[in-house]
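Below are the chains, spelled out letter by letter.
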Amino acid sequence: MSAVRTVLGDVDPAGLGVCDAHDHLFFGSPQLPGQELRDVSAARAELAAFRAEGGGAVVQWTPYGLGRRAADLPPLSRETGVAVVAATGLHQAVHYDERVLKELRGPRLAELFVAELTGGIGTSGVRAGLIKVAGGFHALDAHARWTMRAAAEAHHATGAPIAVHLELGTGALDVLDLLCGESGVPPHRVILGHLNRSPDSVTHLQAAASGCWLAFDGPSRTHHATDWRMPDAVRALAEAGFGDRLLLGGDTTTAAARSVDGGPGMPYLLRRVRPRLVAAVGAETVERMMTVNPGRAFAVEWR
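Per chain, residue numbering runs from 1 following the sequence as it is written. Owing to the predicted nature of the model, reporting of local features is limited to residues with pLDDT of at least 70; listing and counting of side-chain atom pairs is limited to 80 or more, with chain, interface and lining totals taken over all residues. Heavy atoms from the whole structure form the basis of all side-chain values; hydrogens and water molecules are not counted.

Observations concerning helix H7 (residues 201–210)
Then, in step 1: The classification of residues rests on relative accessible area computed with a 1.4 Å probe and restricted to protein chains. Under 20% of the type maximum is buried, over 50% is exposed, and intermediate values are partly exposed. Under the scheme used here, helices are H or I runs from DSSP no shorter than 4 residues and strands are E runs no shorter than 2 residues, and both carry numbers assigned from the N terminus. All of the buried residues in H7 are Thr203, His204, Ala207 and Ala208. Buried residues in H7, looked at end-on, bunch into an arc of 130°, giving them a common side. Exposed residues on H7 whose side chains face more than 90 degrees from its buried face are Val202 and Ala209.
Then, in step 2: The contact criterion used throughout is that any non-hydrogen atoms of two residues lie within 4.5 Å. Of the surrounding secondary structure, the elements contacted by the buried residues of H7 are helix H6 (172–182), strand E9 (190–193), strand E10 (213–217) and helix H8 (230–239).
Then, in step 3: Where H7 ends, the next residue or the one after it, glycine 211, has phi of about 105°, a positive value. This arc is taken over the directions from the axis of the helix to the C-beta atoms.

Printed below as a string of structure tokens:
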């Protein structure tokens, strides 16, 4: 039986409800000093605000070493009634101290991913439900190739989906070549993130044709072609027959971006992005993107 691995246990994918397929309750990187997501009360309030708008599930893409606070996730999920999926994985090298990366060299990285997917994150007992890795800008450096190969090993051992941060939405085809071509990961187990940041319709269509998932995640940022072009990108994919491969997310990565701190936060996805997309592609397609598709993307016959 396929199941989505949440922080409260494995659940039927049909029970997720409206899903924010890429977001963060907790996140901390040396690249974002002073903007860390660490406050449990704020995370609780953000989940409650998302729930009040009709949200049912959030997939947190925060990987190893970036302040996931795994032990805090189950009580937050219970208290708010929002299902939460946690991640293992590794981000770009720039987010880590070199000492941390040295400790993970060799086969240890894949072993870590498998352990967090099957046994739990640290001593929390909370099992991850996906592997998050990251590419570079229009290319894959040695770090990206190392982490993606480890993610592929962990996928083959567990069945876990692999979610990929695409830097400014680029490098999608290189990622698919490495994960699916070289490493044998089935395309339907790969989720490409941030495609809204690169309005390249040809690449979008080529990636979708592979059978992978395409995530449009995060409100507009300065100089990013996101909100104002996203409806056209989604419409092009839906009209080409790929409406069943699309996901939506909010990608809240800083304290200032939380709705409870004055930013758009998780509710923005439902308050503003959803109606805008309904106007572009219709309610049925958007409903599928937010309910049916996430269940299929994150549900696994776990090994």
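We are not done yet, so read on.
Some points on the environment of methionine 148
Then, in step 1: Structurally, the position occupied by methionine 148 is in helix H5 (residues 142–158).
Then, in step 2: Leave out the neighbours within four places in its chain, and methionine 148 touches Val133, Ala134, Gly135, Leu140, Val164, Val175, Leu178 and Leu179.

Topic: the layout of surface pockets
Then, in step 1: Computed over the protein atoms alone on a 1 Å grid, cavities are sets of points where a 1.4 Å probe fits but cannot get out and pockets are open sets with protein on both sides within 12 Å along at least five of seven lines; a residue lines them when it has an atom within 4 Å of a point. Grid points are joined across faces, edges and corners, and a volume is the space filled by probe spheres set on the points. In this structure, the second largest pocket occupies an estimated 160 Å³ of space.
Then, in step 2: Every residue lining the second largest pocket is counted, 15 residues in all, and those nearest its centre are Gly28, Pro30, Gly65, Leu66 and Gly67.
Then, in step 3: Split by residue class, the lining of the second largest pocket holds seven nonpolar, five polar and three charged. Three classes are used, and their members are as follows: Ala, Val, Leu, Ile, Met, Phe, Trp, Tyr, Cys and Pro are nonpolar, Asp, Glu, Lys and Arg are charged, and the others, Gly among them, are polar.

Thoughts on the environment of threonine 147
Then, in step 1: Within the fold, threonine 147 resides in helix H5.
Then, in step 2: A sequence separation of 57 residues divides threonine 147 from leucine 90, and the C-alpha atoms of the two residues are 6.7 Å apart.
Then, in step 3: Beyond its immediate sequence surroundings of up to four residues, threonine 147 is in contact with Leu90, Leu109, Phe113 and Val133.

Details of the pairing of E10
Then, in step 1: The element E10 is largely enclosed, with a buried count of five among its five residues.
Then, in step 2: Neither face of E10 is left uncovered, since the one carrying Trp213, Ala215 and Asp217 and the one carrying Leu214 and Phe216 both have all their residues buried.
Then, in step 3: By definition, two strands form a pair when at least two bridges between them are found by DSSP. Pairing geometry for E9 and E10, over two bridges, is parallel. The partner of isoleucine 191 across the bridge, within E10, is tryptophan 213.
Then, in step 4: Here, the term right-handed applies to a crossover whose path from the first strand over the helix to the second runs clockwise when the strands point away from the viewer. The β-α-β motif built from E9, the intervening H7 and the parallel element E10 has right-handed crossover chirality.
Then, in step 5: Across four bridges, the pairing between E10 and strand E11 (residues 246–249) is parallel. Following the sheet pairing, phenylalanine 216 is matched in E11 by leucine 248.

Examining the sheet that holds strand E7 (residues 130–134)
Then, in step 1: Read from one edge of the open sheet, six strands run E6-E7-E8-E9-E10-E11, paired in parallel fashion. Two strands close off the open sheet at either side, each with one partner strand: strand E6 (87–89) and E11. Each adjacent strand pair in this sheet contributes to an overall mean axis angle of 30°, direction not counted.
Then, in step 2: Here helix H4 (residues 108–118) sits on the sheet in contact with E6 and E7, set at roughly 170° to E6. The angle between two axes is taken between their N-to-C directions and runs from 0 to 180 degrees, where each axis is a line fitted to C-alpha atoms and a helix contributes only its stretch in contact.

Things to note about the sheet that holds strand E12 (residues 299–300)
Then, in step 1: One open sheet accounts for three strands, arranged E2-E1-E12; its pairing is antiparallel. At either margin of the open sheet sits one strand with a lone partner, and together these are strand E2 (9–11) and E12.
Then, in step 2: Relative to E2, strand E1 (residues 3–6) runs antiparallel, the two sharing three bridges. Each bridged residue has a counterpart across the sheet, and for valine 4 the counterpart in E2 is valine 11.

Here we look at the nonpolar core
Then, in step 1: Counting 79 residues, the largest nonpolar core has Val164, Leu179, Leu192 and Phe216 as its most contacted members.
Then, in step 2: It is H5 that provides the largest number of residues to this core, a total of seven residues.
Then, in step 3: Those residues in contact with phenylalanine 216, other than ones at most four positions away along the chain, are Leu195, Asn196, His204, Met230, Ala233, Val234, Leu237, Leu246, Leu247, Leu248 and Gly249.
Then, in step 4: We call a set of buried Ala, Val, Leu, Ile, Met, Phe, Trp, Tyr and Cys residues a nonpolar core when their side-chain atoms join them within 4.5 Å. Counting 18 residues, the second largest nonpolar core, distinct from the first, contains Val4, Leu16, Ala87 and Ala163.

Just geometry here; none of it tells us what the structure is for.
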